[in-house]
Amino acid sequence: MDAFEILREREKELDCIYSICLLAASAPPPAEGAAGVARALIQAMSEPGKARCAIVLSNTLTGENVSIAEEEAFREPRDARRTPSESEVPSRAILVAELGPESVEGWAGSIELSYLEPGLEFLPQEKILLDSVLVVLASMLRTADLFRRLRSTTASLEAKNTALREVLSTIEQEKAKMAGAYRERLAAELLPLAERAADFSIGED
């Protein structure tokens, strides 16, 4: 590989990291984030037209699962392609980066890059790139989890505020009822007494 090709590969890797960081800044849901990461990784490979990226993630805390497979080599519908048997597939170059559940709030999974044609090899820098992208993906998942918890807390607070408003409204209604009942009692019991007292004082005069 000559100097120009090396620089071209570095430029693709920088574009990949840049586009994934921009994606992460928008705090996408896990499935959307994984799809964006897979597309960016494929474009960063030395042979993007022959590369495939599969991202499989699952969250043990929420039960959420994400499974993304992106490839540029073939454009016909996936169902139209015949999947070769294991014995028909020659060994292919594969890169894997694993995400453990201890690193991101219950998320575990992997990013797998592979070439669809035998004989193609990944560059050493592409393994380093994959490991770097995994760090950004982990950050993306943390952010998505934070947003999920924030939405849940907001919904819970809104429900509590609604319940509190209903309780306050009930209290106000009870106060109004009690005040009305108190006025009626005054009118029914104390006013006749006051009138008799007034009559009594007039009689004494």
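Remember, predicted model here, so these are calculated numbers, not experimental data.

## A word on the nonpolar core
Nonpolar side chains tend toward joint burial in soluble globular proteins.
Thinking step 1. Counting 39 residues, the largest nonpolar core has Val37, Leu41, Met45, Ile55, Leu57 and Ile111 as the members making the most contacts within it.
Thinking step 2. Of all the elements in the fold, those that place two or more residues in this core are helix 1 (3-25), helix 2 (30-44), strand 1 (51-59), strand 2 (65-71), strand 3 (94-104), strand 4 (107-115) and helix 3 (124-204).
Thinking step 3. Sort the elements by how many residues they give to this core and helix 3 lands first, with 9 residues.
Thinking step 4. Not counting residues up to four positions away in its chain, the partners in contact with Ile55 are Ala34, Val37, Ala38, Val66, Ser67, Ile68, Ser110, Ile111 and Leu137.

## Describing the packing of aromatic side chains
Thinking step 1. Enumeration over the complete set of coordinates arrives at 1 aromatic pair.
Thinking step 2. Ring plane angle 20° and centroid distance 4.4 Å describe the contact between Tyr115 and Phe122, whose orientation is recorded as stacked. Comparing Tyr115 with Phe122, the two get one shared label, buried.

## Brief notes about helix 1
Thinking step 1. The first and last C-alpha atoms of helix 1 sit 33 Å apart over 23 residues, in line with the 33 Å expected at 1.5 Å per residue.
Thinking step 2. Those residues of helix 1 lying buried are Glu9, Lys12, Glu13, Cys16, Ile20, Leu23 and Ala24.
Thinking step 3. With a side-chain oxygen lying 3.2 Å from the backbone nitrogen of Phe4, the N-terminal cap of helix 1 falls on Asp2.
Thinking step 4. Ala27 lies just past helix 1 and shows a positive phi near 50°.

## Details of unusual backbone geometry
Thinking step 1. A positive phi is found at Ala27, a non-glycine position, where the angle reads about 50°.
Thinking step 2. Looking at the element boundaries, Ala27 is found in the loop between helix 1 and helix 2.

## Brief notes about the pairing of strand 2
Thinking step 1. Strand direction decides the pairing type here: strand 1 and strand 2, joined by 7 bridges, are antiparallel. Residue pairing for strand 2: Cys53 is matched across the bridge by Glu70.
Thinking step 2. Here strand 1 folds back onto strand 2, and the loop between the two strands holds 5 residues, one of which, Gly63, carries a positive phi near 80°.

## A closer look at the pairing of strand 1
Thinking step 1. Pairing of strand 1 with strand 4, which is carried by 9 bridges, proceeds in the antiparallel orientation. Each residue of the ladder has a partner; that of Leu57, found in strand 4, is Gly109.

## Considering the environment of Glu70
Thinking step 1. Looking at where Glu70 falls in the secondary structure, it is placed in strand 2.
Thinking step 2. Beyond its immediate stretch of four places on either side in the chain, Glu70 contacts Ala35, Ala38, Arg39, Ile42, Ala51, Arg52 and Cys53.

## Considerations on the packing of helix 1 against helix 2
Thinking step 1. For the pair helix 1 and helix 2, interaxial distance at closest approach is 8 Å and the crossing angle is 170°. Here helix 1 lies roughly antiparallel to helix 2, going by the angle between them. Residues Glu9, Lys12, Glu13, Cys16, Ser19, Ile20 and Leu23 of helix 1 pack against Glu32, Gly33, Gly36, Val37, Ala40, Leu41, Gln43 and Ala44 of helix 2.
Thinking step 2. A class-by-class count of the residues in the contact of helix 1 with helix 2 yields 7 nonpolar, 4 polar and 4 charged.

Conventions used here
- Residues numbered from 1 in each chain as written.
- Predicted model: local features only at pLDDT ≥ 70, side-chain atom pairs only at ≥ 80, totals over all residues.
- Heavy atoms only, no water.
- Core = buried A, V, L, I, M, F, W, Y, C linked by side-chain atoms within 4.5 Å.
- Buried < 20%, exposed > 50% of the residue type's maximum accessible area, 1.4 Å probe, protein only.
- Helix = DSSP H or I, 4+ residues; strand = E, 2+ residues; numbered from the N terminus.
- Contact = heavy atoms within 4.5 Å.
- Phe/Tyr/Trp six-rings, centres within 6.5 Å; stacked < 30°, edge-to-face > 60°.
- Expected span 1.5 Å × (residues − 1).
- Polar contact = N/O pair within 3.5 Å; in protein donor to acceptor, adjacent residues only side chain to side chain.
- Pairing = 2+ DSSP bridges.
- Axes fitted to C-alpha atoms, helices over the stretch in contact; angles between N-to-C directions.
- Parallel < 35°, antiparallel > 145°, perpendicular 65-115°, else oblique.
- Nonpolar A, V, L, I, M, F, W, Y, C, P; charged D, E, K, R; others polar.

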